[in-house]
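Chain by chain, the residues:
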Amino acid sequence: MEPVWRQQKRHHCAGCPLFSRCPVAALVAPMRSEDEKGSEQRPRPYVVRPPRDSGRRYQPGETIRFGLALFGQADIFFPFIVMAVRELERDGIGIGLAELGRRRGTIKLNAIEAYNPLSGERQMLYPLPSGNVNFPSLPIDATAVQDYAARLPTDQITLTFHTPVRLVDRDRLVK
C-alpha cells in the first residue's frame, strides 16, 4: 500500500492527516493553506544565515560555513535537518553544471556546532568520537534576550541586514 503522503497530491499542509508530526509541515509550511498570501503567512521557525561570500563559486575542497537558527519548538526537528544535509552529501547540491557532466556539486559535512551569540558559548554537535550527533543544548530564552537587551544603548540601535529583508507593518510593505 502506498503511504498517505504519496496518495495525496497537495500543495499545502492544511488538512493533511500527518500534519502534526511532519517536519516538512513544521519547518517549510507551518499551518499554511493555499489562501494565505504575503503577510498573512505565519513565519517559518528557522532562519538560514548564508555564507558572507554567497554568490561566489566555490572550488573543490573549499569550506562553506553557514548558520541555521531554529525558533520555538522547531529544535525537535534538528535530527531531520541533519538527515537532510546527509542526503545532500549523497545526492549533491545545486544545479548540474556542464563542466561536471551535468552532475550536481558534491559536499561533505565536516562539522555541526551550536552557538549562542548572546553568551558566546559553543557546543560541538558533530562529529563526535561516538559517531553520533549531539542534540543542541544552548537555547536562547526570553530571560537571556532581556539581559542582553538591557546592556544595549537606549538612545540608538543599528541593524545590519546581511541578506534581503521584507518588512511588513499593518499589512503594508515598509520601504
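Residues numbered from 1 in each chain as written. Predicted model: local features only at pLDDT ≥ 70, side-chain atom pairs only at ≥ 80, totals over all residues. Heavy atoms only, no water.

**Q** Just checking my understanding: could you explain the overall build of the protein chain for this structure?
**A** Regarding its fold elements, the protein chain presents four helices and eight strands. Reading the helices (α) and strands (β) of the protein chain from amino to carboxyl end gives α-α-β-β-α-β-β-β-β-α-β-β. Residues counted as buried form 14% of the 175 residues belonging to the protein chain. The long-range fraction of contacts in the protein chain, counting pairs at least 24 apart against all pairs at least 6 apart in sequence, stands at 26%. Summing over all exposed atoms, the protein chain offers an accessible surface of approximately 14400 Å²; the carbon and sulfur share of this is 55%. (Helix = DSSP H or I, 4+ residues; strand = E, 2+ residues; numbered from the N terminus. Buried < 20%, exposed > 50% of the residue type's maximum accessible area, 1.4 Å probe, protein only. Contact = heavy atoms within 4.5 Å. Areas by Shrake-Rupley, 256 points an atom, 1.4 Å probe, with all protein chains shown as cover.)

**Q** Please clarify how a nonpolar patch on the surface should be interpreted in this entry.
**A** Taken together, Tyr148, Leu152, Ile157, Leu159, Phe161, Val165, Leu167 and Val174 make up a surface patch of nonpolar side chains, about 740 Å² in accessible area. Structurally, phenylalanine 161 can be placed in the loop between helix H4 (142–150) and strand E7 (168–169). By relative accessible area, phenylalanine 161 is classed as partly exposed at 47%. (Patch = residues over 30% accessible without salt bridge, like charges linked within 9 Å, V, L, I, M, F, W, Y side chains within 5 Å. Salt bridge = Lys/Arg side-chain N within 4 Å of Asp/Glu carboxyl O.)

**Q** So what exactly am I meant to see when it comes to the nonpolar core here?
**A** Within soluble globular proteins, side chains that are nonpolar tend to cluster in buried spots. Phe78, Val82, Val85, Leu109, Ile112, Ala114, Leu125, Tyr126 and Leu138 together form the largest nonpolar core, which totals nine residues. For this core, the elements supplying multiple residues, two or more each, are helix H3 (78–91), strand E5 (112–115) and strand E6 (122–126). In this structure, leucine 138 is in contact with Ala114, Tyr115, Asn116, Glu121, Arg122 and Gln123, ignoring residues within four places of it in sequence. (Core = buried A, V, L, I, M, F, W, Y, C linked by side-chain atoms within 4.5 Å.)

**Q** Got a minute to help me understand H3 in this structure?
**A** Along an α-helix, residues three or four apart share an orientation, since each turn contains 3.6 residues. Over its 14 residues, H3 extends 20 Å from the first C-alpha to the last, a length consistent with the 20 Å expected when each residue adds 1.5 Å. Contact partners of the buried residues in H3: helix H2 (23–27), strand E2 (67–70), E5 and E6. With its phi angle positive at about 95 degrees, glycine 92 sits one or two positions after the end of H3. (Expected span 1.5 Å × (residues − 1).)

**Q** What am I meant to see in the packing of aromatic side chains here?
**A** For any pair of aromatic rings, the description consists of the separation of the ring centres together with the inter-plane angle of the planes. Summed over the entire model, instances satisfying the criterion amount to two aromatic pairs. For the ring pair phenylalanine 77 and phenylalanine 80, a centre distance of 6.0 Å and an interplane angle of 50 degrees mean the geometry is tilted. (Phe/Tyr/Trp six-rings, centres within 6.5 Å; stacked < 30°, edge-to-face > 60°.)

**Q** Just checking my understanding: could you explain the pattern of salt bridges for this structure?
**A** Opposite charge on two side chains allows them to pair when their charged atoms are near. If you walk through the whole model with that rule in mind, you get five salt bridges. Where arginine 122 meets glutamate 113, a salt bridge forms, and the shortest distance between an N and an O atom there is 2.6 Å. Here glutamate 113 falls in the partly exposed class, since its relative accessible area comes to 41%. Aspartate 169 is the salt-bridge partner of arginine 170, the closest N and O atoms lying 3.6 Å from each other.

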